[in-house]
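Single-letter residue listing:
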Amino acid sequence: TPYIDSTALDVQRTRYAEFAAVPDFATLLRNRPLYATWDDHDFGANDANGRLDGKANSRRAFIEYHANPSYGDGDPGIYTKFRCGGVEVFLLDTRYFAGTEPSPVAVGQPTLLGTRQWEWLQRELQASTAPFKLLASGMVWNGAVRPGKLDCWETYSWEREALFHFIGQERIPGVVLVGGDVHRTRILQYDTTDTAGYPLTELVTSPIHESVIDAANAPHPALIHDSGEPHAFLLLTVDTTVTPAILMAQFQNAAGRELYSMTLSAAELSAA
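In what follows, the accompanying structure is described. Only a predicted model underlies this, so the values are computations on that prediction, with no experimental measurement involved. (Residues numbered from 1 in each chain as written. Predicted model: local features only at pLDDT ≥ 70, side-chain atom pairs only at ≥ 80, totals over all residues. Heavy atoms only, no water.)

## Looking at the pattern of salt bridges
- In this structure the tally under the stated criterion is 18 salt bridges.
- Residue glutamate 64 is joined to arginine 13 by a salt bridge in which the shortest nitrogen-to-oxygen separation is 2.8 Å. Here glutamate 64 is found in helix α4 (residues 55–65), whereas its partner arginine 13 is found in helix α1 (residues 9–20), with 51 residues between them in sequence.
- Exposure remark for glutamate 64: the relative accessible area of 40% places this residue in the partly exposed category.
- For arginine 13, a relative accessible area of 29% translates into the label partly exposed. (Salt bridge = Lys/Arg side-chain N within 4 Å of Asp/Glu carboxyl O. Helix = DSSP H or I, 4+ residues; strand = E, 2+ residues; numbered from the N terminus. Buried < 20%, exposed > 50% of the residue type's maximum accessible area, 1.4 Å probe, protein only.)

Here you go:
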């Protein structure tokens, strides 16, 4: 997605049009479905939250250039979901509502997802029959970021922990976390058996462009892999022809070289 760093509608439209005109990207769009959410620079500014002026313009341009199944749940924002074989992907909006209202799960604290998105996510997770459920957001789910950076789920830890507790209480299997933003390839596996009912894995994929941030190689007790290489991406393959179903995660660079891979079984991602 392009760096835009403006909420002016003409700038938003121009940058999306320029990006869509890149020959390799245009070829990709002609041959593959595209589902999208945003992070900070395309929303409008580095590390921006929902108090950003002009965010309605950003949403309008996003809708004009992305054919998502939906954009929010009858309210602003752009969160959506889609099912592809054995995986259902929940594309979360961690920008539009962040800091704009009280959290629905913590008195006196600001929200990240907003009440409507929170209720939508709970409802749709309960309804999902997919063996694997990917919760994807632009920001990372942890607090292991470069010094001084607050733009992560850790800043809204009450909503993250409430979500983990909800997964455990409702016995929702197959949840895997996906994040980006930090310009590193990282995998974290959390000891969440007491809350979610099983260990939750976070797959962090970035950057697909060329800028690697060395300072983002921050320590975390749950970290099991870190590498910094430009033009990196995450390929997920789900196999439901075997029992239990498996999810294979492979990080690659532009040349197709594997940076790291791991396999998760549906049996591992369920409460005992």
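This is not the end of the story, as more comes after the structure.
## Observations regarding the pairing of strand β4 (residues 175–179)
- Among the five residues that make up β4, five are buried, leaving the element largely enclosed by the rest of the structure.
- Residues Val175, Leu177 and Gly179 line one face of β4 and the alternating positions Val176 and Val178 line the opposite face, and both faces are buried.
- Judged from the four bridges that link them, strand β3 (residues 132–136) and β4 form a sheet pairing that is parallel. When the bridges of β4 are listed, lysine 133 appears paired with valine 175.
- For the crossover from β3 across helix α6 (residues 157–169) to β4, the handedness is right-handed. (Pairing = 2+ DSSP bridges. Right-handed = clockwise from strand over helix to strand, strands pointing away.)

## A look at the sheet that holds strand β1 (residues 80–84)
- Taken together, the seven strands give an open sheet; going across it, the order is β1-β2-β3-β4-β6-β5-β7, and neighbouring strands pair in mixed fashion. With partners counted over all chains shown, the strands left at the sheet margins are β1 and β7 (223–227), one partner each. Put simply, the sheet's adjacent strands are angled 15° from each other on average, direction ignored.
- Both strand β5 (residues 185–190) and strand β6 (residues 200–204) contribute to a ladder of five bridges, which runs antiparallel. Looking at β6, one finds that leucine 188 is bridged to glutamate 202.
- Each of β1, β2 (87–91) and β3 is contacted by helix α5 (residues 115–127), which is oriented at about 180° to β2, the strand it contacts most. (Axes fitted to C-alpha atoms, helices over the stretch in contact; angles between N-to-C directions. Contact = heavy atoms within 4.5 Å.)

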